[in-house]
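Residue-level structure breakdown
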Amino acid sequence: LEQIKRYKISQVLVSKLTTSDVVNFALERKSSPSSPSPSTIAVDISCLKKVLKVSKSMFNVNIDDRPIINAYPALHDLKLIARSNKRERRLENNEYIRVINELKEKENHGLCSIPYSDIFKISLLTCCRVNEVCNLLWSDLNLKDNSILGRNRKSPRGSLGNNATLPLLGEAKDILLKQPKIDERIFPYKPRSITSGFRRTIKKL
């Protein structure tokens, strides 16, 4: 929603929103520097639909989600929105070693303070997303049970309060314990910075 506020559609009164406004927004998103995929734009459209859906009941605004619904045929025909592709990509041959080595090389750069290789390993060993790894707390680390509490994990029912006890498999415990205790979080870094650095590494490889 914060991102959508940067586009022209955010200046349109919802009571005067038209189907063409929605299509133009999708076209504007597609031509933006980030060049989002059709599945990403589909999420943006869903956010707009949600706003219209609740505006009547919450704010007594005389509007519904018909401008969005009526825009769907055009959005699909123009290939502006689509469902995300099912991904089955697996690491092959020596790809894991190559990724780890490249991430360690990145860490050796003088200006780098993010332990990319450790975060990558923990993400694999715990099946956590990057933002979930960055939310792991020292106080939630249970050395006796060899586990850690993963807080607010992503879920279709909402992430807030969706906590789960994660077993520390393989070298996970050793990786966590070697991190410096400089914050209440074990990995006190910005998820976006980690993702950006990881993507550049994969692109390089």
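Here the structure is a predicted model, which means the values were calculated and not measured.

Concerning the pairing of strand S2 (residues 147–150)
- Summarising the sheet, strand S1 (residues 141–142) and S2 pair through two bridges and their orientation is antiparallel. Paired with leucine 141 across the strands is isoleucine 148, a residue of S2.
- Once S1 ends, the chain turns through four residues before running back antiparallel as S2, passing asparagine 146 with a positive phi of about 55°.
- Note that S2 and strand S3 (residues 164–167) share four bridges and pair antiparallel. What sits directly across from leucine 149, in S3, is threonine 165.

Brief notes about the confidence of the model for the protein chain
- In this model, the protein chain carries an average pLDDT of 91, and 98% of its residues clear a pLDDT of 70 or more.
- Element-level mean pLDDT values for the protein chain span from 89 in helix H2 (residues 38–59) up to 97 in helix H7 (residues 172–177).

Considering the pattern of salt bridges
- As enumerated under the stated definition, the model contains nine salt bridges in all.
- Where lysine 204 meets glutamate 102, a salt bridge forms, and the shortest distance between an N and an O atom there is 2.9 Å. Taken together, the residues span a long stretch of sequence, with lysine 204 in helix H8 (residues 191–204) and glutamate 102 in helix H4 (residues 95–107) at a distance of 102 residues.
- Arginine 151 serves as the salt-bridge partner of aspartate 140, at 2.6 Å between the closest nitrogen and oxygen. Of this pair, aspartate 140 sits in the loop between helix H6 (130–133) and S1 while arginine 151 sits in the loop between S2 and S3, and the two are 11 residues apart along the sequence.
- The buried category is assigned to aspartate 140, whose relative accessible area is 13%.

With respect to the nonpolar core
- Among the nonpolar cores identified, the biggest contains 24 residues, and Ile122, Ile148, Leu176 and Phe187 are the most heavily contacted of them.
- Counting residues per element, the ones that place at least two in this core are H4, helix H5 (116–126) and H7.
- With four residues, H5 is the single largest residue contributor to this core.
- Within the second largest apolar cluster, 19 residues are counted, among which are Val22, Ile45, Ile63 and Leu75.

Observations concerning the sheet that holds S2
- The strand order across the open sheet formed by three strands is S1-S2-S3, and the pairing between neighbours is antiparallel. Unpaired on one side and paired on the other, S1 and S3 mark the two borders of the sheet.

The rules behind the values
- Residues numbered from 1 in each chain as written.
- Predicted model: local features only at pLDDT ≥ 70, side-chain atom pairs only at ≥ 80, totals over all residues.
- Heavy atoms only, no water.
- Pairing = 2+ DSSP bridges.
- Helix = DSSP H or I, 4+ residues; strand = E, 2+ residues; numbered from the N terminus.
- pLDDT = per-residue confidence, 0-100.
- Salt bridge = Lys/Arg side-chain N within 4 Å of Asp/Glu carboxyl O.
- Buried < 20%, exposed > 50% of the residue type's maximum accessible area, 1.4 Å probe, protein only.
- Core = buried A, V, L, I, M, F, W, Y, C linked by side-chain atoms within 4.5 Å.

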